[in-house]
Amino acid sequence: MALDPDVFRQLLDTVERFVREKLRPNEALVSQNDQVPAEIIAQMRELGLFGMAIPEAYGGLELTLSEEVQVSFLLGGTSPAFRSMIGTNNGIGSQGIIIDGTEEQKSRYLPEMASGERVGSFCLTEPEAGSDAGSLRSSARRDGDDFVINGTKRFITNAPVAGLFTVFARTDPDSKTAAGISAFLVDADRPGITLGRTDKKMGQQGAHTCDVIFDNVRVPKTAILGGPDYEGKGFVTAMKVLDRGRLTIAGVCVGVAERLIADSLAYAMERHQFGKPIAEFQLVQAMLADMKAESFAARCMVEETARRRDAGHGIATEAACAKMFASEMVGRVADKAVQIHGGAGYVADAGIERFYRDVRLFRIYEGTTQIQQLVIARNMIRDARRAGAAA
Ligand code: COS
């Protein structure tokens, strides 16, 4: 349910002030120390940012997707590492439970996730199964009323601090495809779970990923997301979660692009060459105009897709379009931001080069650009066939 407009306005004002006064001044420090300070995480918890997308009945803010993307635009105005802290609890770490979880699973996990007490991580990717998620090899072998999980998950966001893993594993050993995969809710302190070393990444320092290794981890059959009747339906849950996740990432891309445009414009108006501000040169203006037009287009795509989802429509195609366009767009915007800043954009001081590295990930996680293309084209063909069959 949408928030009262005044209450929502206040939330946006608070987030905007938090980003400006608390997060931006700490960007360089977070990158240098590869750590978001505990004090900032505590403030995020107080503001309710871990539970934006979680229903009010379980302690969250229950924002509509249209509202949530407005917050994503604002959070994109600073280093993506900050948003990553709260990203999984609002997205891939909790949405499976919200969409398909049983009442018992919701009341057990969602309140702690909404408060930020428990961090959720999404364990889909494996060393040999990235884009082809349906080929994953982790297994969940039935043993009486339990399942025993074995396998390695890779690049798992927030795993080092997670209290809950949504683990995708094959419950049907005879299947090699998406069918036969189930999702399990596994407490992080279960015996048999170990973490790999934290990955050293190109950017987004402060946001952590690592391997999660499951070695004979025993869970009851009630740990299947959605309950025992959902055995074999895990892959479809993953896809539904990713549809939504892809849109919020597109929203963050728009926010980062808008930040880089504001910084580039300010720099271009201040920096003098050949006797005048470089913003007065048409070749610089062309870059600024392209940046603005592209980010505006992505903003419109994100807002329209969120509206469709809030109205109850499927958004698999639109979310893939928005994620593909917005993540590619912010890559181009970051490149132009470096160009406009010239030498100042290439050295670390202004932080532009950091954003240039940070945004590279957007084209990869929650589905590469190529996977989005595949999803879009496949859905187009399917819809055309259906329309043909109906004619
Ligand atoms: N919503 C609901 N159901 C969906 C769906 C969606 N968006 N997309 C697919 N499904 C369903 C299909 O309908 C199918 O169900 P049925 O067998 O009952 O018809 C099932 O899921 C399998 O779908 P499909 O045959 O399309 O699966 P593929 O193995 O061909 O894989 C892609 C499809 C490539 C789209 C999928 O593997 C994917 O998204 N890969 C990228 C994974 C990713 O984003 N990883 C990032 C790491 S997670 S942060």
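Everything below is about the structure shown above.
Caption draft 1: Up close: the pattern of salt bridges. This model, assessed by the stated rule, comprises 26 salt bridges. Close ionic contact of Glu 27 with Arg 354 constitutes a salt bridge, the shortest N to O distance being 3.0 Å. Placement of the pair is Glu 27 in helix H2 (residues 27-33) and Arg 354 in helix H12 (residues 352-358), with a sequence separation of 327 residues. Here Glu 304 makes a salt bridge to Arg 308, at a shortest N to O gap of 3.3 Å. Of this pair, Glu 304 and Arg 308 both sit in helix H9 (residues 282-310), 4 residues apart, which is roughly one turn of that helix. A relative accessible area of 32% means that Glu 304 is categorised as partly exposed.

Caption draft 2: Fine view of the nonpolar core. Ranked by internal contacts, the top residues of the largest apolar core, which has 40 residues, are Leu 247, Val 256, Leu 260, Val 302, Val 330, Ile 340 and Phe 362. When contributions to this core are tallied by element, the ones reaching two or more residues are helix H4 (65-75), helix H8 (234-270), H9, helix H10 (316-341) and H12. By residue number, the principal contributor to this core is H8, which donates 12 residues. Counting contributing residues, this core receives three or more from each of domain 1 (5-115) and domain 3 (236-386). Dropping the residues within four chain positions of it, Val 302 is found in contact with Val 69, Phe 73, Leu 247, Ala 250, Gly 251, Val 254 and Ala 322.

Caption draft 3: Structural context of the site of the ligand. Surrounding the ligand, one finds 21 residues, the nearest of these being Ser 131, Asp 243, Arg 246, Gly 367 and Arg 378. Contacts to the ligand include Asp 243, whose side-chain N or O atom sits 2.8 Å from a nitrogen atom. A distance of 2.9 Å separates an oxygen atom of the ligand from a polar side-chain atom of Arg 246. When the ligand sits alone it has 1000 Å² of accessible area, and the protein chains cover 63% of it. It is H8 that provides the largest number of residues to the shell around the ligand, a total of 7 residues. Taken together, the residues of the shell around the ligand sort by class into 12 nonpolar, 4 polar and 5 charged.

Caption draft 4: The packing of aromatic side chains, seen in detail. Tallied over the full model, the rule gives 5 aromatic pairs. Note on Phe 122 and Phe 168: the rings are 5.0 Å apart at their centroids and 65° apart in plane angle, and the pair reads as edge-to-face. With Phe 122 in strand E1 (residues 120-123) and Phe 168 in strand E4 (residues 164-170), this pair connects stretches of sequence that are 46 residues apart. Assigned by exposure class, Phe 122 and Phe 168 land together as buried. Taken together, a centroid distance of 6.1 Å and an interplanar angle of 85° make the contact between Phe 165 and Phe 214 edge-to-face.

Cut-offs and rules
- Residues numbered from 1 in each chain as written.
- Predicted model: local features only at pLDDT ≥ 70, side-chain atom pairs only at ≥ 80, totals over all residues.
- Heavy atoms only, no water.
- Salt bridge = Lys/Arg side-chain N within 4 Å of Asp/Glu carboxyl O.
- Helix = DSSP H or I, 4+ residues; strand = E, 2+ residues; numbered from the N terminus.
- Buried < 20%, exposed > 50% of the residue type's maximum accessible area, 1.4 Å probe, protein only.
- Core = buried A, V, L, I, M, F, W, Y, C linked by side-chain atoms within 4.5 Å.
- Domains from an automatic or database assignment.
- Contact = heavy atoms within 4.5 Å.
- Near = heavy atom within 4 Å.
- Polar contact = N/O pair within 3.5 Å; in protein donor to acceptor, adjacent residues only side chain to side chain.
- Areas by Shrake-Rupley, 256 points an atom, 1.4 Å probe, with all protein chains shown as cover.
- Nonpolar A, V, L, I, M, F, W, Y, C, P; charged D, E, K, R; others polar.
- Phe/Tyr/Trp six-rings, centres within 6.5 Å; stacked < 30°, edge-to-face > 60°.

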